[in-house]
Structure formats: C-alpha cells, structure tokens
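Structure at a glance
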Amino acid sequence: MNVIPPCLPRSPQTHMETREVVSAPAGHWTAVLQKLDLSPQQVAELGAMWGLFRGLMDKITQERRDLNARLSQGLAQQEQKEAQRAAANAAASAAAAASGSGGAAAADGGPFRRQSSSSGVGGGGGGAVLHHQLEVPPEAEVLPALSRNLRKESAAHLLLRGFMFGRLLSILQAARVMVHSYPWFPNATALTAAAAGAE
C-alpha cells in the first residue's frame, strides 16, 4: 500500500465536460488568478498561507510514509508467521500419520494412543488457534492511524479553502474564480500555489 496525499498543485481533477479525471493544463490556475485583480496584500497573504499549508502537508506526508512502512513490515512479518505455522502443521500431520501407520495393532493401546496424540495435537492446535486469534493483524494497528492522517489532510485542504473563499476574496473575485476555473472546479490548493509561484 502506498498512499500519498494529493497535495500537489496539479493533482488530477474531474473535467466537468468530459468527466475525465485529469490535471488542468500548465498555467491554467495562473491565468485564473490574473482575472481576479488581486491586491499586493492578497498575494502576500496567499503566499504566507501556502507556506503554512506546505509545512502541514510535509508533516502529514512523512507520517503517512512511516505508516506505510510499518504496514509493509507488519504484513511481511505476518506472512512469515503464517508460513512457519503451515510448516509446523505439515510436520505435525506427517508425524501423526507416521505414528498411526504402525497400524491398528493393539486394540487397547491404539485408540488410547490416538486419543492421547489427538489430545496433544488438539491441545497444541487449540493453543495455536487461540494464539492466532489473540494476534492483532498489522493493518488493524495501522489503519486507525492512517484514518487520522487522512482526516488531517482533509482538514488542511479545508483550512486553505476556507481562508481563500471565506476571508481573502471578495464576492466579485469569488464569482470570477467560479467562471474562469471552468471546465474545472475551483481548486483553492492550486490557486494558492500559483499565487506563491509554485504551480
């Protein structure tokens, strides 16, 4: 599993006419910004917000890489344990078959021995099954942290959108963004990156 936040300025979006998931062409969001007549103060605030956003996303991305590494390591260890269990079970089955091939020799001893062996294997198997059930799969440990990481990413993008459309832009500028972003939905991340010269 390799999950990286789609925080890049040219991350794919849905083309509203073709419904294709593609990136806007280079320079598209810069052209949209030019239609807004931003003041120098607005441009400076967007640049500062981009720096804050990138700092947050760098931490989120690194955390997600660490989670991916933990998950990959845990899955590899789990596969190794499963292989060891399969080998142990195969060896136990072979030993049981070999001990039973002596035949139905003693009517008294045979059933008693098989029951004892079965009990021993069953006890060991029961213990193994119980141990297996008590083990926590690696994904069960990592997925809650990964879910929190995704929520952090969503919150970072929401922060950026809220700042741009709720505080920075005037109503007229917001309307221009809607019009000139077409055929893509207005992308606050890409617009902020373009204002900071990072498109």
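All values derive from a computational prediction rather than experimental measurement. (Residues numbered from 1 in each chain as written. Predicted model: local features only at pLDDT ≥ 70, side-chain atom pairs only at ≥ 80, totals over all residues. Heavy atoms only, no water.)

**Here's the deal with the overall build of the chain**
When you go through the chain residue by residue, the secondary structure sums to 6 helices and 2 strands. Listing each helix as α and each strand as β along the chain from the N terminus yields β-β-α-α-α-α-α-α. Counting only residues that meet the buried cut, the chain has 29% of its 199 residues in that class. In the chain, the proportion of contacts linking residues at least 24 apart, taken out of those at least 6 apart, comes to 84%. Accessible surface, the chain as shown: approximately 12100 Å² in total, 60% of it carbon and sulfur. (Helix = DSSP H or I, 4+ residues; strand = E, 2+ residues; numbered from the N terminus. Buried < 20%, exposed > 50% of the residue type's maximum accessible area, 1.4 Å probe, protein only. Contact = heavy atoms within 4.5 Å. Areas by Shrake-Rupley, 256 points an atom, 1.4 Å probe, with all protein chains shown as cover.)

**Description of unusual backbone geometry**
With the exception of glycine, most residues fall at negative phi, and the peptide bonds are largely trans. The amide bond that connects Tyr182 to the next residue, Pro183, takes the cis arrangement and shows omega of 10°. Summarising the element assignment, Pro183 is placed in the loop between α5 (171–181) and α6 (188–195). Positive phi values are uncommon outside glycine, yet Asp37 reaches one of about 55°. The residue Asp37 is located in the loop between α1 (28–34) and α2 (40–100) in this model.

**Observations concerning the environment of Leu169**
Looking at the secondary structure, you find Leu169 in the loop between α4 (138–168) and α5. With relative accessibility at 10%, the residue Leu169 sits in the buried group. Separated by 131 residues in sequence, Leu169 and Leu38 have C-alpha atoms that sit 8.4 Å apart. Leave out the neighbours within four places in its chain, and Leu169 touches Leu36, Leu38, Gln42, Met164, Ala174 and Val177.

**With respect to a nonpolar patch on the surface**
A contiguous nonpolar patch, built from Met16, Tyr182 and Phe185 and spanning about 320 Å² of accessible area, is present on the exposed surface. Inspection of the secondary structure assignment puts Met16 in the loop between β1 (13–14) and β2 (21–22). Among the residues examined, Met16 registers a relative accessible area of 34% and is labelled partly exposed. (Patch = residues over 30% accessible without salt bridge, like charges linked within 9 Å, V, L, I, M, F, W, Y side chains within 5 Å. Salt bridge = Lys/Arg side-chain N within 4 Å of Asp/Glu carboxyl O.)

**Quick word on α6**
Of all 8 residues making up α6, 8 are buried, and the element is well covered by its neighbours. A distance of 3.0 Å separates the backbone nitrogen of Thr189 from a side-chain oxygen at the start of α6, and that oxygen is part of Asn187. Just beyond α6, the residue with positive phi is Gly197, at close to 75°. (Polar contact = N/O pair within 3.5 Å; in protein donor to acceptor, adjacent residues only side chain to side chain.)

**Looking at the pattern of salt bridges**
Tallying each qualifying case throughout the model produces 5 salt bridges. Notably, a salt bridge pairs Asp37 with Arg176, separated by 3.3 Å at the nearest N-O pair. Here the residue Asp37 occupies a position in the loop between α1 and α2, and Arg176 occupies one in helix α5, the gap between them amounting to 139 residues. For the salt bridge of Arg64 with Glu153, the shortest nitrogen-to-oxygen distance reads 2.9 Å. Taken as a pair, Arg64 in helix α2 and Glu153 in helix α4 lie far apart in primary sequence, 89 residues in all. Summarising the burial analysis for this pair, Arg64 and Glu153 share the class buried.

**Observations regarding the nonpolar core**
Counting residues in hydrophobic clusters, the biggest one holds 26 residues, and the most contacted among them are Trp29, Leu33, Leu46, Leu169 and Leu191. Only α1, α2, α4 and α6 provide two or more residues apiece to this core. When near neighbours in sequence (up to four residues on either side) are disregarded, Leu33 contacts Leu38, Leu191, Ala194 and Ala195. Counting 5 residues, the second-largest nonpolar core is a separate cluster that includes Leu71, Val142, Ala145 and Leu146. (Core = buried A, V, L, I, M, F, W, Y, C linked by side-chain atoms within 4.5 Å.)

**Comments concerning α5**
Taken together, the buried positions of α5 are occupied by Gln173, Ala174, Val177 and Ser181. Down the axis of α5, the smallest arc covering the buried residues is 100°, so these residues share one side. Structural note: α5 exposes Ile171, Leu172 and Val179 on the side pointing more than 90 degrees away from its buried face. (Arc of directions from axis to C-beta.)

**Let's talk about the confidence of the model for the chain**
The predicted model of the chain averages 78 in pLDDT, with 72% of residues at 70 or higher. By mean pLDDT, the top-scoring element of the chain is α5 (95), and the lowest-scoring one is helix α3 (residues 109–134) (45). Counted against residues more than four places away or in other chains, residues 1–10, with its pLDDT under 50, gives 33 contacts. Confidence drops under pLDDT 50 across residues 103–132; counting only partners more than four residues distant or on other chains, this segment forms 7 contacts. (pLDDT = per-residue confidence, 0-100.)

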